[in-house]
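# Coordinate inspection notes
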Amino acid sequence: MPLDIIEKFEISRLSILDENGRVDDALVPDLPDDKLVSLYEAMTLSRMMDARMLNLQRQGRLGTLPVCTGQEAAFCPAVLAIRDTDWFVGSYRELGARLMRGETLANALMLFNGYEEGNVNPVNDRTLPISIVLGSQLPHAVGLAYGSRLKGEKDIVALTIFGDGSTSEGDFHEGLNFAGVLNAPVVFLCQNNQFAISTPRSIQTRSETIAQKALSYGIHGIQVDGNDALAVYKATKEAVDRARAGGGATLIEAVTFRMGMHTTADDPTRYRTDDTVETWEKKDPLIRFRKYMTEKGIWDDGKDADLEKRIKADIDTAVKEFEKGVEAKPDAPFDYVFGTREAIIEEQRARFLADLEKEGNHG
Amino acid sequence: MPLDIIEKFEISRLSILDENGRVDDALVPDLPDDKLVSLYEAMTLSRMMDARMLNLQRQGRLGTLPVCTGQEAAFCPAVLAIRDTDWFVGSYRELGARLMRGETLANALMLFNGYEEGNVNPVNDRTLPISIVLGSQLPHAVGLAYGSRLKGEKDIVALTIFGDGSTSEGDFHEGLNFAGVLNAPVVFLCQNNQFAISTPRSIQTRSETIAQKALSYGIHGIQVDGNDALAVYKATKEAVDRARAGGGATLIEAVTFRMGMHTTADDPTRYRTDDTVETWEKKDPLIRFRKYMTEKGIWDDGKDADLEKRIKADIDTAVKEFEKGVEAKPDAPFDYVFGTREAIIEEQRARFLADLEKEGNHG
Amino acid sequence: MAKINMVQALNTTLHDVMTEDDTVLIMGEDVGVNGGVFRVTDGLYEKFGRDRVIDSPIAEAGILGTAIGMAIAGLKPVIEMQFSGFSYEMMHQMEGNASRMRNRSRGQFTVPLVVRMPYGGGVRALEHHSESKEVFYAHTAGVKVVIPSSPSNAGPLLKAAINDPDPVVFMEPKRSYRSFKETIQPGEYTIGKAEVVTPGEDITVVSWGAMMRDTLKAADMVRSERGASLEIIDLMTISPMDAATIIASVKKTGRCVVVQEAQQSFGPASEIIALINDQALMYLEAPVKRVTMYDVIMPLFARELMYLPSKEKIVRAIQETLDF
Amino acid sequence: MAKINMVQALNTTLHDVMTEDDTVLIMGEDVGVNGGVFRVTDGLYEKFGRDRVIDSPIAEAGILGTAIGMAIAGLKPVIEMQFSGFSYEMMHQMEGNASRMRNRSRGQFTVPLVVRMPYGGGVRALEHHSESKEVFYAHTAGVKVVIPSSPSNAGPLLKAAINDPDPVVFMEPKRSYRSFKETIQPGEYTIGKAEVVTPGEDITVVSWGAMMRDTLKAADMVRSERGASLEIIDLMTISPMDAATIIASVKKTGRCVVVQEAQQSFGPASEIIALINDQALMYLEAPVKRVTMYDVIMPLFARELMYLPSKEKIVRAIQETLDF
Ligand SMILES: Cc1ncc(C[n+]2csc(CCOP(=O)(O)OP(=O)(O)O)c2C)c(N)n1
Ligand SMILES: Cc1ncc(C[n+]2csc(CCOP(=O)(O)OP(=O)(O)O)c2C)c(N)n1
Ligand SMILES: [Mg+2]
Ligand SMILES: [Mg+2]
């Protein structure tokens, strides 16, 4: 009866596309050229819309806004790896992913202008609204995946996205543990962008990686270069395929960096230095992906210019539409408290509308 | 940039004293004979008091009662490994450990007869009352350990005990993560008794061991034979010494078995078979420890008989004292809502006492 | 028809509903093989299997959080919090998500689920097993709170809760689980409607849950003592509250007593009094009397009966209000 | 003396208290290097170091749970919930442990800590950042709930909370953080005491937190419009509530309006009305009027101002109550 070693574990890190656009041919996922291009377009749209929204916010035309510039490769390729019929359960820092799921630019603007209506995805009814209560969406993803299976849709999976800081919440633990015991087809994608507002990853948890937290739940775990679109795609695709085949859940740690502020209410200079930011600028996910496509001969500066022009036009149109303002029903909140008509709610609605008459709209 | 292995982990299991009382000499902790004897006495007291309380409960003289027979080696040696000045933060299934910390037999009876007064440890003010909200005491232990350090008591540690099922709670995750980032001197002792009420360990979590959950927090983790008093002592002592020396926290999984019901409200025949129980009877922690001491020549049947007689007498005395009943102040609950006198509470107390006059004591 | 207790009524209802509707699913701690610590889910695991009757890990937020996903996916989860005293672990999933998903998504996603939880005192239990915190959920917009009081109304109310489009917190008075049996009176029970159990003219007495028993007994005593005519209302839905039934009654009687097991301050009785103040103040011939637990931590069982509203306290409250 | 806003008042108080008492410790999300997302803890990390100003992981239950241990060990933790909307994660530690340890241990262990949390609407924030759920904590025996309304009372109340022997939930109306400045009026502020801000004869108006500003403005408007004499009460402590001050006032004025930012049902206003019903019903010349948010999920900022109590609504409520 000695001191026996009873378990051994390993955590791996996947990276395929380096900062100079060079790839490890052995690992390159087979994505057709058109997919590569559409992925690049999605990441570029995310980047440009992010910048435009920040700009509008600075002009006071939007409310508090989270930005995601620099993290595009951590979330866009993941959406490419799932189907429209799969569940997408995001957080709030994956704009490009949401747009890939069919959210309109106008909706994004509407939401951050204070209208719940912006949360409604017009084309995809398996994309949940943004989730702000950190970690709380993880169990939802487990239930969605399990639920669809039980309803007979045997090949549905759920993808959920969250940040490094969210892994400290009890809901992270409970969600992953449920995924393990229910063998639920879920992919947990952690965007480790090094910070939770001002709190660096190093004091968020003492584990060397986020990926190794998978070991607590008997699920798969892997770390990937989150600025490497090919690695994120490959890791997610493998996790999705395994989950679809009944092989259970995976925790993916995508190591990336938030180039901007946490939200427009935040001042990053209080807690991080410029040179940290600069070292990460060199790792920009779009630059290296463009280099890769150019190398491959499927992209050039002309195409790039056209793309930017096209996206700018789309955004301009959306902003114009947005600026017309919304025909928002003032008493809509009363419509969505319950699915039934309740006397006490209707009595309050009547009072609300009467008051509104007297005072006019404060909004 | 291939698929690199970036982390490797191992989980070990410690066992020293086997079911036949044979030990691995290389691993035997150096405990003086008198300590071995007192440990055996503590485990025996726990066993006998547990049985007596169950008996009283069955006679309707105590309320709902958790029993811990069979798990004595998982908790008693751990108390031997800490100091009176260390913090003890238990759960509800470690009777013998509490008695070692100075709780009186009368108090134990009083508590399970429905009097909070039974929670007051008369000799040790660093032993927290039983904790029933699963997992919630783990962060307390972290705060106690950190707090004592900050107050200048540099060599204080905290020992906290909980069950296998409690590891599924968010509080387990948050508590261990705080211990990691605060480098708090805490020993987390999990009594893995195979069941959470009716729920077997196998569906509580999909990880192969509880011990490996330590890897999520960058703290130490080890599995021990929880029916092996020497292994539990050695593992706890090493963890305590390391924590005291600033080496951080440890999660110890003590693999044991609950021989009785979850509580007196539970019927184990609904969810487990007799032969499971029988296989564990062979692993009884007291039998093997007695064999060991006998081998060693420090124990014999005579001593054993005397001990049982002595303990029985102590318990009889305590039960007699208990049966005199307590001089409990009916309005005590009003004394402990706040540390300040509040008008609204005093007004209610007056009303309560007036009502009591009118109705007499319902209790 | 045979007499059954509340546990049997709830159990039968679950068997029936799960047979009729295969989107209904059970999840919680020890609800499967063990049939629940109070046996409310007894036999379901054997009949419907582990996919629809899930013995979950011990993680209340995980249970509700996962159930929210299941509900959005089109199932009707009926989850159990083993005791209401351990439901606070999931408060953030209830307030933050279950109650809000309909509003957040403007109706695109809804969360039709039921959270069953035994609550209340009087069963000689350990700490945390005897509280009445219905207000936590009632003060959360988007959540319905339902509390049955008898074998007869428990089944229909549970069925209504399961078929309701919204998250329903269904609090079961464990003190009434087995304390009495009834031959089930078929009756119409709708969420959002209180029941006038016995009509009367002189005073309105409102209660719910386990307190209904003592309230009805107290009412009988007062009736026989002074031949007063009491109108007894079983609230049944705490939120959204059926103000109309209460107000109509108080306008008629001019006097009211509310019997609540929860601590006095910020309890449901306060809301009832506020509604009466809003809509029937000028009909009051006496202050509305509250009979409640005190603002103390619920005592362990040696003292609990001194602290819970008793038949005697209720009788006195009714007498004093009639004599005011 | 210079005028300061509420954030400055709170920050100065924390600096002073931590200097005087080295058992005081700060913990929370982004409270250290960043000085808190609202800068209430600005400069503390630099001055007192990382041992006493702890940037914690994102785990609200872990923060309170750890602080409970620290408090038992003899420290006075002042922890921050970044927003009250994320405090429900620690409800079980509050209801299950912080509030109960004194009672459970019969006074052997106590939990003197402060949980600071910005709460309330009107700052154009995202979802979950605008609610007022003081009732969750007020309905928890063993917990005190304190809400300042101005730079002048914020500091003294926070200091009182830190020196209080019990767990205190200290809710800071974020809308009032920077919206106005004052030269600090030295005043006696005790937990459990409401303040009669302006004495009056005709009507009592009770409010707290951010609503005090609009209440005072509304009062001025009514005064100038009809020369009525209004008695304005700043509740400041939600629980345990200062019934005496409210009752004395209502007995004098016979009329009362309560302005509450929380949703209508099961809010603090209901408790105030219940207390008036108990102790001053026969003095009422009109129903007590509640001005509150509605029983809806707090709307995002495009609509929030329509839903929050407004100056106009308060004025109308006062007028109607005076004219009743
Ligand atoms: C339960 C909860 N606690 C606190 C917050 C406040 N908050 C919003 S974002 C944030 C940091 C999150 O960090 P991370 O999970 O790393 O995601 P990131 O913002 O970096 O993408 C915090 C603390 C919240 N939204 N929810
Ligand atoms: C937060 C919480 N949820 C549920 C319960 C009800 N409960 C009491 S004991 C128990 C099982 C605990 O199992 P485990 O942690 O393995 O400890 P054991 O009883 O086996 O010693 C449960 C579910 C509780 N006390 N606290
Ligand atoms: Mg982050
Ligand atoms: Mg166990």
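Residues numbered from 1 in each chain as written. Chains lettered and ligands numbered in written order. Predicted model: local features only at pLDDT ≥ 70, side-chain atom pairs only at ≥ 80, totals over all residues. Heavy atoms only, no water.

Here the focus is the overall build of chain A. Looking only at helices and strands, chain A features 13 helices and eight strands. Computed over its C-alpha atoms, the radius of gyration of chain A comes to 22 Å, within 12% of the 21 Å expected for a compact globule of 363 residues. Projected onto the principal axes, the alpha-carbon positions of chain A cover approximately 80 × 60 × 45 Å. Taken across its 363 residues, chain A has 63% of its residues classed as buried. Carbon and sulfur atoms form 50% of the exposed surface of chain A, whose accessible area is close to 12800 Å². One finds the centroid of the 43 positive side-chain charges in chain A at a distance of 1 Å from the centroid of its 58 negative side-chain charges. (Helix = DSSP H or I, 4+ residues; strand = E, 2+ residues; numbered from the N terminus. Rg over C-alpha atoms; globule rule 2.2 N^0.38 Å. Buried < 20%, exposed > 50% of the residue type's maximum accessible area, 1.4 Å probe, protein only. Areas by Shrake-Rupley, 256 points an atom, 1.4 Å probe, with all protein chains shown as cover. Lys, Arg positive; Asp, Glu negative; His and termini not counted. Charge placed at Lys NZ, Arg CZ, Asp CG, Glu CD.)

The next point concerns the coordination of the magnesium ion (ligand 3). All names here are of chain A. Within the protein, the magnesium ion (ligand 3) binds to Asp164 (OD), Asn193 (OD1) and Phe195 (O); these donor distances fall in the range 2.0 to 2.1 Å. All donor residues of the magnesium ion (ligand 3) come from one chain, and their arrangement in sequence is D-x28-N-x1-F. One end of the pair, aspartate 164, is in the loop between β3 (158-163) and α6 (170-181); the other, phenylalanine 195, is in strand β5 (residues 195-196), with 31 residues separating them in the sequence. Grouping residues by exposure puts aspartate 164 and phenylalanine 195 together as buried. (Donors = N, O, S within 2.8 Å, 3.2 Å for Na, K, Ca; no water.)

Turning next to the interface of chain D and chain A. Listed as interface residues are 40 residues of chain D and, on the opposing side, 49 residues of chain A. Between chain D and chain A the total buried area reaches about 3800 Å² when both faces are included, carbon and sulfur atoms providing 55% of it. Sorting the residues of chain D by area buried against chain A places Ile58(D), Arg303(D) and Met306(D) first, and these three jointly supply 19% of that buried surface. Linking chain D with chain A are five salt bridges. In this structure, Arg316(D) engages Glu359(A) in a salt bridge whose closest nitrogen and oxygen atoms are separated by 2.6 Å. Here chain D and chain A share 18 residue pairs in polar contact (both at pLDDT 80 or more) between them. Looking at the side of chain D that touches chain A, the elements with two or more residues in it are α11 (301-307) and α12 (311-323) of chain D. Here the element with the most residues in the side of chain D that touches chain A is α11(D); it accounts for six residues. By residue class, the composition of the side of chain D that touches chain A is 18 nonpolar, nine polar and 13 charged. (Contact = heavy atoms within 4.5 Å. Buried area = accessible area lost by both parts, 1.4 Å probe. Salt bridge = Lys/Arg side-chain N within 4 Å of Asp/Glu carboxyl O. Polar contact = N/O pair within 3.5 Å; in protein donor to acceptor, adjacent residues only side chain to side chain. Nonpolar A, V, L, I, M, F, W, Y, C, P; charged D, E, K, R; others polar.)

Time to look at the coordination of the magnesium ion (ligand 4). Residues and elements named next belong to chain B. Taken together, the protein ligands of the magnesium ion (ligand 4) are Asp164 (OD), Asn193 (OD1) and Phe195 (O), with distances of 2.0 to 2.1 Å. Each donor residue of the magnesium ion (ligand 4) belongs to the same chain, with the gaps between them written as D-x28-N-x1-F. No difference in accessibility class separates asparagine 193 from phenylalanine 195, as the two residues are buried.

Okay, the pattern of salt bridges next. The full count for this structure, using the stated rule, is 112 salt bridges over all chains. The residue Asp214(D) makes a salt bridge to Lys217(D) at a minimum N-O spacing of 3.9 Å. Residue Asp214(D) and its partner Lys217(D) are both found in helix α8 (residues 211-226); the two are separated by three residues, about one turn of the helix. Judged by its relative accessible area of 38%, Lys217(D) is partly exposed. What emerges from the salt-bridge pattern is a single network uniting Lys329(A), Asp331(A), Asp335(A), Arg341(A), Glu346(A) and Arg349(A).

Let us now look at the sheet that holds strand β12 (residues 289-293) of chain D. All names here are of chain D. Taken together, five strands build an open sheet; the order of strands is β7-β9-β8-β11-β12 and the sheet is mixed. Edge positions in the sheet fall to β7 (195-198) and β12, since each of these pairs with one other strand and no more. For this sheet the average axis-to-axis angle between neighbouring strands, irrespective of direction, equals 25°. Of the strand pairs in this sheet, strand β11 (residues 256-263) and β12 are connected by four bridges, and their pairing is parallel. In the strand pairing of β12, glutamine 263 is matched with methionine 293. This element, α12, spans β8 (203-207), β9 (230-234), β11 and β12 of the sheet and lies at about 165° to β12. (Pairing = 2+ DSSP bridges. Axes fitted to C-alpha atoms, helices over the stretch in contact; angles between N-to-C directions.)

Residues and elements named next belong to chain C. The N-to-C vectors of helix α1 (residues 6-20) and helix α7 (residues 151-163) enclose an angle of 30°; their axes lie 8 Å apart at closest approach. In the packing of α1 onto α7, the handedness of the crossing is right-handed. Along the contact surface, α1 presents Met6, Ala9, Leu10, Thr13, Leu14, Val17 and Glu20, while α7 presents Pro151, Ala154, Gly155, Leu158, Lys159 and Ile162. Per-class residue counts for the contact of α1 with α7 are nine nonpolar, two polar and two charged. (Left-handed = near helix turned anticlockwise from the far one by under 90°.)

The residue after Ser239(C), namely Pro240(C), is reached through a cis peptide bond having omega 0°. With respect to the helices and strands, the residue Pro240(C) is situated in the loop between β10 (237-239) and α9 (243-253). The backbone of Met236(C) shows a phi angle near 65°, a positive value even though the residue is not glycine. With respect to the helices and strands, Met236(C) occurs in the loop between β9 (230-234) and β10. Despite not being glycine, His128(D) shows a phi value in the positive range, around 75°. With respect to the secondary-structure elements, His128(D) resides in the loop between β4 (114-119) and α6 (134-138). Classification of His128(D) as buried rests on a relative accessible area of 2%.

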